[in-house]
Amino acid sequence: ALNCEKGVSSHPCGECSACRGVDEGRFPDYLEMDAASNRKVEEMAVVLENAAYLPTVGRYKVFVIDEVHMLSTHAFNAMLKTLEEPPSYVIFILATTEQSRIPVTVLSRCQRYDFRRITTDTIAARLTELAAAEHIRAEEAALRYIAAQADGAMRDALSLLDECVAFCPDGE
């Protein structure tokens, strides 16, 4: 959305080279990092060094750090200066399910967005669309049951749907 060639909006086009590049994991100004696997200060130093350079093709350099609460104390400390005064072309997105484990010094330098669980109706509607697109015959009641069991998590709903499809190899 930030680097879409049609302009910054909450609805990227999904068709331009920037949108396709991000979707395909080949956009040079977008980096995803799993902090559970890359939690050391040395790995954070590489990210911060990369942030010092201007974007090569996009408007912004976007760094998504998932499971950020897993970073070491030293890695968090290394981030502080950059988070306090980031270059105008850098966006950090710190994702976590355990906000209480992020140091207050880091939280105080961030904008916070809390996400809510998705409604059962929304999940069921999406499962209905996916089933139709994949030519999977499924009863509405079954999809609603899967949606309810997912408890607001689309990823869980998709996993449950996959499991159900695996038990019905003829697509029913």
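In this numbering scheme, every chain counts its residues from 1 along its sequence in written order. For a predicted model such as this one, the threshold for reporting local features is a pLDDT of at least 70, and the threshold for listing and counting side-chain atom pairs is 80 or more; totals across whole chains, interfaces and linings nevertheless cover every residue. Where side-chain values are given, they derive from all heavy atoms of the structure, hydrogens and water being excluded.

Some details on the overall build of the chain
What counts as a helix is a DSSP run of H or I of at least four residues, what counts as a strand is a run of E of at least two, and both are numbered from the N terminus. If you tally the helices and strands in the chain, you get 7 helices and 3 strands. When its helices and strands are written in sequence order, the chain yields α-β-α-β-α-β-α-α-α-α. With the radius of gyration taken over C-alpha atoms, the globule rule is written as 2.2 Å times the number of residues to the power 0.38. By the compact-globule yardstick of 16 Å for 172 residues, the chain is too spread out, its C-alpha radius of gyration being 20 Å. Along the longest, intermediate and shortest principal axes, the C-alpha atoms of the chain span 55 × 35 × 25 Å.

Overview of the pattern of salt bridges
One side-chain nitrogen of Lys or Arg within 4 Å of one carboxyl oxygen of Asp or Glu is enough to make a salt bridge. For the structure on display, the rule yields 7 salt bridges. With a closest N to O distance of 3.5 Å, Lys81 and Glu85 form a salt bridge. Exposure class is identical for Lys81 and Glu85. Each is exposed. In this structure, Glu98 and Arg101 form a salt bridge, with 3.1 Å as the shortest nitrogen-oxygen distance. Owing to a relative accessible area of 42%, Arg101 belongs among the partly exposed residues under this scheme. When accessible area is computed with a 1.4 Å probe and restricted to protein chains, residues below 20% of their type maximum are described as buried, those above 50% as exposed, and intermediate ones as partly exposed.

Observations regarding the sheet that holds strand S3 (residues 90-94)
The strands that make up a sheet pair up through hydrogen bonds in the backbone, lying either parallel or antiparallel. Spatially, the 3 strands line up as an open sheet ordered S1-S2-S3, and their pairing is parallel. If you trace the sheet from one side to the other, it starts and ends with strand S1 (30-34) and S3, each paired once. Strand-to-strand twist across the sheet, computed as the mean angle between neighbouring axes with direction ignored, equals 15°. Pairs of strands are assigned from DSSP output, requiring at least two bridges between the strands. Pairing between strand S2 (residues 61-66) and S3: 5 bridges, direction parallel. Across the sheet, the residue bridging to Phe63 is Phe92, located in S3. Here, two residues are considered to be in contact whenever any of their heavy atoms come within 4.5 Å of each other. Angles shown run from 0 to 180 degrees and are taken between the N-to-C directions of axes, each axis being a line fitted to C-alpha atoms and, for helices, limited to the stretch in contact. Across the sheet, helix H2 (residues 41-51) lies against S1, S2 and S3, angled at about 160° from S2, the strand it touches most.

Observations concerning the packing of aromatic side chains
One pair of aromatic rings is described through two measures. These are the centre distance and the angle between the planes. Within 6.5 Å between ring centres, the rings of Phe, Tyr and Trp (the latter by its six-membered ring) count as paired, and their orientation is classed by plane angle as stacked under 30 degrees, edge-to-face over 60, tilted in between. Applying the stated criterion to the full structure yields 1 aromatic pair. Aromatic side chains Phe63 and Phe92 sit 5.2 Å apart centroid to centroid with 25° between the ring planes, which places their arrangement in the stacked category. With Phe63 in strand S2 and Phe92 in strand S3, this pair connects stretches of sequence that are 29 residues apart. Given a relative accessible area of 3%, Phe63 falls into the buried group.

Regarding unusual backbone geometry
Of note, the phi angle at Glu67 is positive, near 55°, even though the residue is not glycine. Structurally, Glu67 can be placed in the loop between S2 and helix H3 (73-84). Of note, Asp151 is a non-glycine position whose phi angle comes to about 55°, a positive value. Looking at where Asp151 falls in the secondary structure, it is placed in the loop between helix H6 (140-149) and helix H7 (154-167).

Focus: the packing of helix H5 (residues 120-133) against H6
Interhelical geometry of H5 versus H6 gives an angle of 130° and a closest axis separation of 8 Å. With respect to their mutual orientation, H5 and H6 come out oblique. Between H5 and H6 the crossing geometry is right-handed. Residue-level inspection shows Thr120, Asp121, Ile123, Ala124, Leu127 and Thr128 of H5 in contact with H6, the latter providing Leu143, Arg144, Ile146, Ala147 and Ala148. Classes in brief: Ala, Val, Leu, Ile, Met, Phe, Trp, Tyr, Cys and Pro nonpolar; Asp, Glu, Lys and Arg charged; the others, Gly included, polar. Taken together, the residues of the contact of H5 with H6 break down into 7 nonpolar, 2 polar and 2 charged. Reported orientations rely on four angle classes, namely roughly parallel under 35 degrees, roughly antiparallel over 145, roughly perpendicular from 65 to 115, and oblique for the rest. Left-handed describes a crossing in which the near helix is turned anticlockwise from the far one by less than a right angle; the clockwise case is right-handed.

Points about the side chain of Ser72
Its location among the elements puts Ser72 in the loop between S2 and H3. Relative accessible area serves as the criterion here: at 17%, Ser72 is assigned to the buried category. In terms of polar contacts, Ser72 uses its side chain to reach the backbone amide nitrogen of Ala75, at 3.0 Å. Those residues in contact with Ser72 that lie beyond four places of it in its chain are Arg39, Lys40 and Val41. Each polar contact in these results corresponds to two N or O atoms within 3.5 Å; when the atoms are within protein, one needs to be able to donate a hydrogen and the other to accept it, and residues that are neighboring in sequence are counted only if both atoms are side-chain atoms.

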